[in-house]
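Coordinates in review
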Amino acid sequence: VQRESGDINGFIGLGKVANPRKIISVAYEEQKRYLRNFQSLQKGFIQFYGTEVQSVQAGWVESGDFSSIDTLDMTTNPGRLLERQRYNAANRQFIESGGTIRRVYMVRKSDLNRKRFKHDLVELYQQQSEMGVQLGLVILDDLRQDYRKDFILYDDAIVLVEDQQASADYTLGRSTAYFGQEEIQQ
């Protein structure tokens, strides 16, 4: 850490910092987070939390690095999926640019008896279909337990598995991206 102002490669200038101890503490915590992420990547995975999940999902679609996306989506609240403006816009652009998205919604049989759920699911199906997403629907109750996974597969290269479903504002939620062939095949 450097005490003078100015940009010295790799150093944090503290000349104009109100409380140097605080910035050093923050820098140390960020360094620890970076090292944890780097170690995870070396093992073939990385975890994302809260709003990071939303940014990663949209960002990877927006990146232009993939040509196909396959999803199996545990759908407990289709109305929430309608509100994902950035992600839906990214999906639309992805398809308009020649990409393919195949999405299967997994729903509980009992949810199909709820009027609001059915209405939102039909609206979601129409929205996704109009943008060119290839859609499917499966009843969760009919699936084997080991098939009940919520994931997004990008070009058979990365699979993003939802470990904890996100809340409406994405303050809760956890997903893990796996890069290894074995995890992708599973």
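Cut-offs applied
- Residues numbered from 1 in each chain as written.
- Predicted model: local features only at pLDDT ≥ 70, side-chain atom pairs only at ≥ 80, totals over all residues.
- Heavy atoms only, no water.
- Core = buried A, V, L, I, M, F, W, Y, C linked by side-chain atoms within 4.5 Å.
- Buried < 20%, exposed > 50% of the residue type's maximum accessible area, 1.4 Å probe, protein only.
- Helix = DSSP H or I, 4+ residues; strand = E, 2+ residues; numbered from the N terminus.
- Contact = heavy atoms within 4.5 Å.
- Expected span 1.5 Å × (residues − 1).
- Arc of directions from axis to C-beta.
- Polar contact = N/O pair within 3.5 Å; in protein donor to acceptor, adjacent residues only side chain to side chain.
- Salt bridge = Lys/Arg side-chain N within 4 Å of Asp/Glu carboxyl O.
- pLDDT = per-residue confidence, 0-100.

Another point: the nonpolar core. Ranked by internal contacts, the top residues of the largest apolar core, which has 21 residues, are Phe48, Trp60, Tyr154 and Leu160. Here this core takes 5 residues from helix α2 (residues 51-62), the largest share from any one element. Once you skip the residues sitting within four places of it in the chain, Phe48 turns out to touch Val53, Val56, Trp60, Leu160, Gly173, Arg174, Ser175 and Ala177.

So, on to helix α4 (residues 85-96). Owing to its 3.6 residues per turn, the α-helix brings residues three or four apart onto one side. Taking 1.5 Å of rise per residue, the 12 residues of α4 would be expected to cover 16 Å, and the 16 Å separating its terminal C-alpha atoms lies within 8% of that figure. Those residues of α4 lying buried are Tyr87, Asn88, Ala90, Asn91, Phe94 and Ile95. The arc that holds the buried residues of α4, viewed along the axis, is 160°, so those residues lie on one side. Facing away from the buried side of α4 by more than 90 degrees, the exposed set consists of Gln85 and Glu96.

Along the chain, Asp70 turns up in strand β2 (residues 68-74). A polar contact of 2.5 Å, which involves the side chain of Asp70, links it to the side chain of Arg102.

The final tally for this structure, using the stated rule, is 8 salt bridges. A salt bridge links Arg114 to Asp111; the shortest N-O distance between them is 2.7 Å. For Arg116, the salt bridge goes to Asp120, with nearest N and O atoms at 2.9 Å. On the criterion of helical spacing, the pair formed by Arg116 and Asp120 is a turn pair, its members being 4 residues apart in helix α5 (residues 115-130). Accessibility expressed as a relative area gives 53% for Arg116, which makes it exposed. Through salt bridges that share partners, Arg108, Asp111 and Arg114 make up one connected network.

To continue, consider the confidence of the model for the protein chain. Averaged over the protein chain, the pLDDT score is 86; the fraction of residues at 70 or greater is 90%. Between residues 1-5, whose pLDDT stays under 50, and residues either more than four places distant or in other chains, the model counts 16 contacts.

The next subject is helix α1 (residues 20-42). With 23 residues, α1 extends 33 Å from end C-alpha to end C-alpha; this agrees with the ideal 33 Å at 1.5 Å per step. Immediately downstream of α1, the backbone of Gly44 shows phi near 95°, a positive value.

Our focus in this paragraph is unusual backbone geometry. Of all residues except glycine, most have a negative phi; of all peptide bonds, most are trans. Despite not being glycine, Asp155 has its phi angle at roughly 50°, a positive value. Of note, Asp155 is situated in the loop between β5 (151-154) and β6 (158-164). Among the residues examined, Asp155 registers a relative accessible area of 26% and is labelled partly exposed. Not every positive phi belongs to a glycine, and Asp156 is a case in point at roughly 55°.

A separate point is the side chain of Asp120. Look at Asp120 and you get buried, because its relative accessible area is 9%. A polar side-chain atom of Asp120 sits 2.9 Å from a polar atom in the side chain of Arg116. The residues touching Asp120, leaving out its near neighbours within four places in the chain, are Pro78, Gly79 and Leu82.

So, on to the environment of Phe45. The topology assignment puts Phe45 in strand β1 (residues 45-49). According to the relative accessible area criterion, Phe45 is partly exposed, its value standing at 24%. In the structure, Phe45 is positioned 19 residues away from Gly64 in sequence and 21 Å away in space, judged by C-alpha atoms. Not counting chain neighbours up to four residues away, the residues in contact with Phe45 comprise Ser40, Thr176, Ala177, Tyr178 and Phe179.

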